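# Residue-level structural notes
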Amino acid sequence: MTIFGWIQLAVFTGLLLSMTKPAGLFLARVLDPAGRTFLDPILKPVERLAYRAMGVKPASEQSWKAYAFSLMAFSAAGTAFSFLILRHQDLLPLNPQGFGPMSGHLAFNTAVSFASNTNWQNYAGESTLSYFSQMVALTFQNFASAAVGVAVAAALVRGIARHAAATIGNFWVDLIRVTLYLLLPLSLVYGILLVWQGVPETFGANVKAAGFEAGQVIARGPVASQEAIKMLGTNGGGFFNANSAHPFENPTPLSNFIEMLSIFLIPAGLTWYFGASVKNKRHGWTLWGVMAFLFLAAAVVCWRAEAAGNPRLAALGVSQRQGNMEGKEVRFGAASSALFATVTTDASCGAVNAMHDSFTPLGGLVPLVNIQLGEVVFGGVGSGLYGMIIFVVVAVFLAGLMVGRTPEYLGKKIEAYDVKLCVLYVITTILATLGFAAAAALSKWGVAGLGNSGPHGLSEILYAYSSCAGNNGSAFAGLNGGGFAYNMTLGLAMLAGRFLVIVPVMALAGNLGAKKIVPASGGTFPLSGFTFGALLVSTILIVGALTFLPALSLGPIVEHFIMRATTALFG
Amino acid sequence: MARRKASFLDKSILLPAIWASFAKMHPRAMARNPVMFVTEIGAALTTVALFTGGAKDVAFSAQIAAWLWFTVLFANFAEAVAEGRGKAQADALRRTRTMTIAKQVWPDGTWAPIKAEDLRKGNVILVEAGQTIAADGEIVEGVAMVDESAITGESAPVLREAGGDRSSVTGGTKVLSDWIKVVVTADPGESFLDRMIGLVEGAKRRKTPNEIALTILLSALTIVFLVVVATLKCFGTYSGVDFPVAVLVALLVCLIPTTIGGLLSAIGIAGIDRLVQKNVLAMSGRAVEAAGDVDVLLLDKTGTITLGDRQAVAFIPATGVTMGQLCEAAQLASIADETPEGRSIVVLAKEHGLRGRSLKDFPEARFAGFTAQTRMSGVDLDGRSIRKGSAEAVRALMGGGLPAEVEAQVKEIALSGGTPLVVAENGRAMGVVHLKDIVKGGLRDRFDRFRAMGIKTVMITGDNRLTAEAIAREAGVDDFLAEARPEDKLALIRKEQTKGRLVAMTGDGTNDAPALAQADVGVAMNTGTQAAKEAGNMVDLDSNPTKLLEIVETGKQMLMTRGALTTFSIANDVAKYFAILPAMLMGAFPAIAPLNVMRLGSPESAVLSAVIFNALVIVALIPLAIRGVKFRPLSAPVLLRRNLALYGAGGILIPFAGIKAIDLIITALHVA
């Protein structure tokens, strides 16, 4: 644990803190259909044109059902669109390598993966996909799925903030405004930054490097444009198989730092937007604080485990002075790799700059637990906030009675129907994760796809389904998920983890929106400060993490104790 | 009714409760409570596994099975004890509902005997002295003293008469003198007494909204843990570990929230029961819950905030009149005045050193009672004509203005919120008596505490603004509504409700009925009219409006108890994980030993200890569930901090100690 690592952690947290309010302010303007931004002179005409082209009446708002229906229709159409491109990329332009079509189940998995903001990749981009597929089928979804996530969060925030309202906004307006004013301009600037750091952006085919015996093939392509939205939109699907460990995706420690920070940018801003929208900024900041606490705790645990290295290797004479360097890039080292792993799994990004499979058991446990918590530590764009709000509602309901009133959240009474929606959300993710993982662990195809046996193999299975149901997309690299059964079950887990949980969130938005706001008084449950923060952290850990403890104890936890034991217990 | 506070360990409750705990094990009864239902199925599964050879270690599995059954029994016992306390009261009530033969009055004025159970709404019955009133009703003719002790526990008889706000009578009460004709207002089975019996027995208890929401959450947690345990079995198979049924069920039962699941209905029943002990009948659990949520209390000034009667607090003589002269005049004018105001004047005069005199001292005196025309009362004695009355009335009597200094006093008293009475003798103003509303003791403190809890108190009065403001200030209420008519009350309730606030009020008159019905918590006075009692959702048998404050406290206490035990129950899971998980894995993965942080004796004793703790904690918490957590009027942030430390942090730590202690005992006993 080096001083450089501590400085990086401190600077990272400090910058995140300072970016939260500006990002939130900008989000508030983007998410208000009448909001003004400095980009209006250029983008307002484009926005109007888009509404005309799509036949959207920006002034008319939707009920939660209409909003949810539009969202589902849009996502379904988008998934089909991406699926068709992947299936027929051989017939489409920009395919200098002449790649053939993707298999049906892989195309299903990939299309669902990108539409659900998961970006789980059962393929290697540079050896499977044409530039057209990368840019149109996938990068399009990187924008769209991120915008959908922000839209859902915005709708929920409106539902909470409004008094006896029938509508929660207009999906098409949110979609267009988030894409146009937030994601596109940011990606443009960000992409140029990455090009400056050395990320390629070209339609040229792969090149053969001279001077090597066999003539090494160096893959390239329009990388920078995909890289920017991959981080900003917490997508995480890399252009290359090695993702952000690849020097063309993430060439320098500076690009690494920017990439990490950009994952948290929008999710952090959303906490401020939320606080401002419900006129309780302290609540927004308390959520930020809880997230920051969970982030720092996880980062330190993960880094500690990685910096300590593997005592078994040390015993064999392999130096662990740099920490556990297996599967890590030398230009990042233990500190930056552990930090990246924490950030990417706190959020539902899933980009990786090191192989989580090669982490020490505890180091690998941290990303896994982060995902299983529901990715609510800043979280995915939009999904982090709405996942956190679900936890807050559960926490308020559990403990709220203790102040002697029917639980209220920001003036809205939490009643049976709201509780039902929240628990539906929680059960869906848990069922999608543990159910599919159990099926895989018991099946022949499940075990056949493993890179390791024993507890580590179980970790690989758990990680894969947690990652997919949680829409993270990062992989514990050992698993070969490319077969039919894995492609289908992982695809279904992704669908459930995204769209089955969005329905209760939308219904919650509608139901809370229709309620009256009870004015705050001395008897109102406090939603900010240390007590509430501690309550929220405990709820997240007890409801979120302890659920997975039995499964984890057979995977990374037992592996950790075996590694620490003095004698080898397994051959 | 038996108002004896039934103790938790009362034999008359305990024995039937034990029987009831077994009767309640019927799956159809258990299905009402998903958490305990799953526990029962788990217990059954474990027991079946014992006999089908599914269990390898029979002694261990048998103990697990036994304790799982105990867990179910203990939860049933908690409910049965809570119900038993109500049943004792219901039995007492039932005894008063003897088979009565009523006298049904026909339109032609004749009457014929009819059995009480044949009476229907609209029938008219005649009840004479010594008879029990056969059904709830409204007096249409006559006036009588009625002994209502069967319902209220209050032995002093009350006056009931046709017309006005004292016309309702309750079935089961007894007419002591005179006779009344009563029109029946409730069919058999729906009478007040029947409802009361149903309520205290909890027979028709329906889950309250908040209880339903909590049950959904607890059921969801149960589903989650079912998934967790079922998948753990699969992961075990992958890892080459075959978990025995007893251990898996033990883990499941320990993780699902059995503590709150087992005590939830007891808390609800006990909440209603606590109100019954305060002589308040809540028509539903929903009403008790709403009482805890109330944001605004509408309090009638008279009877709630003030003692109901004005009292004389000062004599202020006019110029040229001595204090002694004024005292004497005031005393004489009030000797025959039996109103509380009049008596208070006599008392005040006595305090000024005047000898107390009675009517007998003045056989020749002619007393003038208060009439609506004169609006004065007084006495004519030895050529002296003494009168006391409102300034207006005395002014009219004197045919001109009052002396300037008397007018000034009158104005000053009115401004301070008091009521001035002017005493005049033979057309000369002697001075002013200051009558004042007496605010009940201890209210200011109580209102302060309510304010801290975020509850706004509003005083409702027919007085003018000035008087109202002065009393409001003295009593310490947050707001007041002066010169209020019943419709103003209704409008105020609606206004607060549109703002999302919950409103509670008390009332007794028929004109209060719309407001009582509109309020979220409407407490009708038992002395009030039938209409009022039907409109409200609670009835105070003592007819004490100040009781509203206690009702709110009881509602809050019930919600707090529920929240505290929920938090405690879920927090308990942490320690149980650390007891059972290492025990389950120790056999296959000895390296996991460091996870056994409690250093429990053996895997078997660890699992058994967790299950025993889980069962015993239900019993240990029954008194808390029934008594309720101690009510403290604190602001929400302070309460949350306190209770979170107590039941949250306590809930995490206590089971570590408890499980360890049980483990030490069973290891010493060599049972596992």
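Read on for an overview of the structure. (Residues numbered from 1 in each chain as written. Chains lettered and ligands numbered in written order. Predicted model: local features only at pLDDT ≥ 70, side-chain atom pairs only at ≥ 80, totals over all residues. Heavy atoms only, no water.)

### Looking at the overall build of chain A
For the record, the criterion: Helix and strand definitions follow DSSP, with helices as H or I runs of at least four residues and strands as E runs of at least two, each counted in order from the N terminus. Two residues qualify as a contact provided that any one of their heavy atoms is within 4.5 Å of a heavy atom in the partner residue. Here the open area of atoms and residues is found with the Shrake-Rupley method and a 1.4 Å probe, where only the protein chains shown may cover a residue. When charges are counted, Lys and Arg are positive and Asp and Glu negative, with His and the chain ends excluded. In this description, the location of a charge corresponds to atom NZ of lysine, CZ of arginine, CG of aspartate or CD of glutamate.
Within chain A, the secondary structure is distributed over 20 helices and four strands. Here the C-alpha coordinates of chain A stretch approximately 70 × 55 × 45 Å along the principal axes. Of the contacts made within chain A by residues no fewer than 6 positions apart, 78% connect residues no fewer than 24 positions apart. Accessible surface for chain A amounts to roughly 19200 Å². Of this, 68% is attributable to carbon and sulfur atoms. On chain A, the mean spot of the 32 positive side-chain charges and the mean spot of the 23 negative ones are 11 Å from each other.

### Things to note about the state of the cysteines
Residue and element names in this part refer to chain A. To be explicit about the condition: Disulfides are defined as pairs of cysteine sulfur atoms found within 2.5 Å of each other. Per-residue accessibility, obtained with a 1.4 Å probe over protein chains only, is compared with the maximum for each type, and a residue is labelled buried under 20%, exposed over 50%, and partly exposed between these values.
On inspection of all chains with the given rule, the structure shows zero disulfides over all chains. Of all cysteine sulfurs in the structure, the one in C349 sits closest to C468, which takes part in no disulfide; the separation is 14 Å. You can call C468 buried: its relative accessible area is 0%.

### Some words on the pattern of salt bridges
Residue and element names in this part refer to chain B. Quick reminder of the rule: When a carboxyl oxygen of Asp or Glu lies within 4 Å of a side-chain nitrogen of Lys or Arg, that pair is called a salt bridge.
A complete count under the given rule lists 37 salt bridges over all chains for this structure. A salt bridge links R387 to D380, with the nearest nitrogen and oxygen atoms 3.3 Å apart. An identical accessibility class is assigned to R387 and D380; each is buried.

### So, empty space enclosed by the protein
Residue and element names in this part refer to chain A. Keep this limit in mind: The definitions used throughout rest on a 1 Å grid laid over the protein atoms alone, on which a cavity is an enclosed set of points accommodating a 1.4 Å probe that cannot get out and a pocket is an open set flanked by protein within 12 Å on both sides along at least five of seven lines; lining residues are those having an atom within 4 Å of a point. Grid points are joined across faces, edges and corners, and a volume is the space filled by probe spheres set on the points.
Here the structure, examined in full by the defined rule, presents nine cavities of 30 Å³ or more. When its volume is computed, the largest cavity comes out at roughly 360 Å³. If you trace the largest cavity, you find 27 residues lining it, with L373, G374, E375, Y425 and T429 closest to the centre. Of all elements in the fold, only α13 (361-372), α14 (383-400), α15 (416-442), α17 (454-469), α18 (484-514) and α19 (530-545) reach the threshold of two or more residues within the lining of the largest cavity.

### Side note on the packing of aromatic side chains
For any two aromatic rings, the description comes down to two numbers: the centre-to-centre distance and the angle of the planes. Heads up, the rule is: Aromatic rings from Phe, Tyr and Trp, with only the six-membered ring used for Trp, were paired whenever their centres fell within 6.5 Å, and each pair was classed as stacked if the ring planes differed by under 30 degrees, edge-to-face if by over 60, and tilted otherwise. Whether a charge sits over a ring comes down to the Lys NZ or Arg CZ being within 6 Å of the ring centre and within 35 degrees of the ring normal.
For the structure on display, the rule yields 26 aromatic pairs over all chains. Taking 6.4 Å as the distance between ring centres and 35° as the angle between the ring planes, the aromatic pair formed by B:F578 and B:F656 counts as tilted. With B:F578 in helix α22 (residues 573-586) and B:F656 in helix α24 (residues 636-669), the pair connects residues that are 78 residues apart, well separated along the chain. Exposure remark for B:F578: the relative accessible area of 23% places this residue in the partly exposed category. Judged by its relative accessible area of 22%, B:F656 is partly exposed. Here the guanidinium or amino end of A:R177 rests over the ring plane of A:Y181, the centre of that ring lying 4.7 Å away. Its end group placed over the ring of B:W111, B:K103 keeps NZ or CZ at 5.0 Å from the ring centre.

### Description of the side chain of B:R446
All names here are of chain B. Summarising the element assignment, R446 is placed in helix α16 (residues 443-452). Buried within the structure, R446 lacks any salt-bridge partner; E550 is the closest side chain of opposite charge, at an N-O distance of 4.0 Å. Apart from residues lying up to four places away in sequence, R446 is in contact with T546, L549, E550 and E553.

### Re unusual backbone geometry
Despite not being glycine, A:N471 shows a phi value in the positive range, around 55°. Looking at where A:N471 falls in the secondary structure, it is placed in the loop between α17 and α18. The class of A:N471 is buried, set by a relative accessible area of 6%. If you check the backbone angles, B:R599 has positive phi at about 55° while not being a glycine. By the secondary structure assignment, B:R599 is in the loop between α22 and α23 (603-627).

### Structural notes on helix α8 (residues 223-232) of chain A
Residue and element names in this part refer to chain A. Counting buried positions along α8 yields nine of ten residues, so the element is predominantly enclosed. Among the residues of α8, V223, A224, Q226, E227, A228, I229, K230, M231 and L232 are the ones counted as buried. On the buried face of α8, the contacting elements are α6 (131-161), α7 (171-197), α9 (253-277) and α12 (333-346). Looking one or two places after α8, you find T234, whose phi comes out positive at around 45°.

### Points about the interface of chain A and chain B
Here is the rule we go by: The term buried area means the drop in 1.4 Å probe accessible area that two parts suffer when joined, counted for both and summed. For the purposes of these results, a polar contact is taken to be a pair of N or O atoms within 3.5 Å, where, inside protein, one atom must be able to donate a hydrogen and its partner to accept one; residues adjacent in sequence count only when each atom of the pair is a side-chain atom. For this classification, the nonpolar set comprises Ala, Val, Leu, Ile, Met, Phe, Trp, Tyr, Cys and Pro, the charged set comprises Asp, Glu, Lys and Arg, and every other residue, Gly included, is treated as polar.
Listed per partner, the contact involves 63 residues of chain A and 62 residues of chain B. For the pair chain A and chain B, the two sides together bury roughly 5200 Å², of which 78% comes from carbon and sulfur. Counting the surface chain A buries against chain B, the share from its top three residues, A:L401, A:M402 and A:L554, is 14%. Across the contact surface, chain A and chain B share one salt bridge. Two residues, A:R405 and B:D295, come together in a salt bridge whose shortest N-O distance is 2.7 Å. On the surface where chain A and chain B come into contact, there are nine residue pairs in polar contact (both at pLDDT 80 or more). Among the elements that line the side of chain A that touches chain B, the one with the most residues is α15(A), at 13 residues. When the residues that make up the side of chain A that touches chain B are grouped by side-chain class, the tally is 43 nonpolar, 15 polar and five charged.

### So, the packing of helix α1 (residues 3-30) of chain A against α12(A)
Residues and elements named next belong to chain A. This is how the line gets drawn: Every angle, taken between N-to-C directions, lies between 0 and 180 degrees, and every axis is a line fitted to C-alpha atoms, over only the stretch in contact when it is a helix. We call two directions roughly parallel when the angle between them is under 35 degrees, roughly antiparallel when it is over 145, roughly perpendicular when it lies between 65 and 115, and oblique otherwise.
Following both chains from N to C, one finds α1 and α12 inclined at 30°, their axes separated by 9 Å at the closest point. Here α1 lies roughly parallel to α12, going by the angle between them. Across the interface between the two elements, F4, G5, Q8, L9 and F12 of α1 pack against A335, S336, L339 and V343 of α12. Residues belonging to the contact of α1 with α12 are distributed by class as follows: six nonpolar, three polar and no charged.

### Observations concerning the sheet that holds strand β20 (residues 538-540) of chain B
Residue and element names in this part refer to chain B. Keep this limit in mind: We call two strands paired when DSSP finds no fewer than two bridges between them.
Pairing is mixed in the open sheet, where seven strands are placed in the order β8-β20-β19-β18-β9-β16-β17. The outermost strands of the open sheet, each flanked by one partner alone, are β8 (280-282) and β17 (479-481). Across the sheet, the mean angle from the axis of one strand to that of its neighbour is 20°, orientation sign disregarded. Bridge count for strand β9 (residues 296-300) against strand β18 (residues 503-507) is three bridges, and the pairing is parallel.

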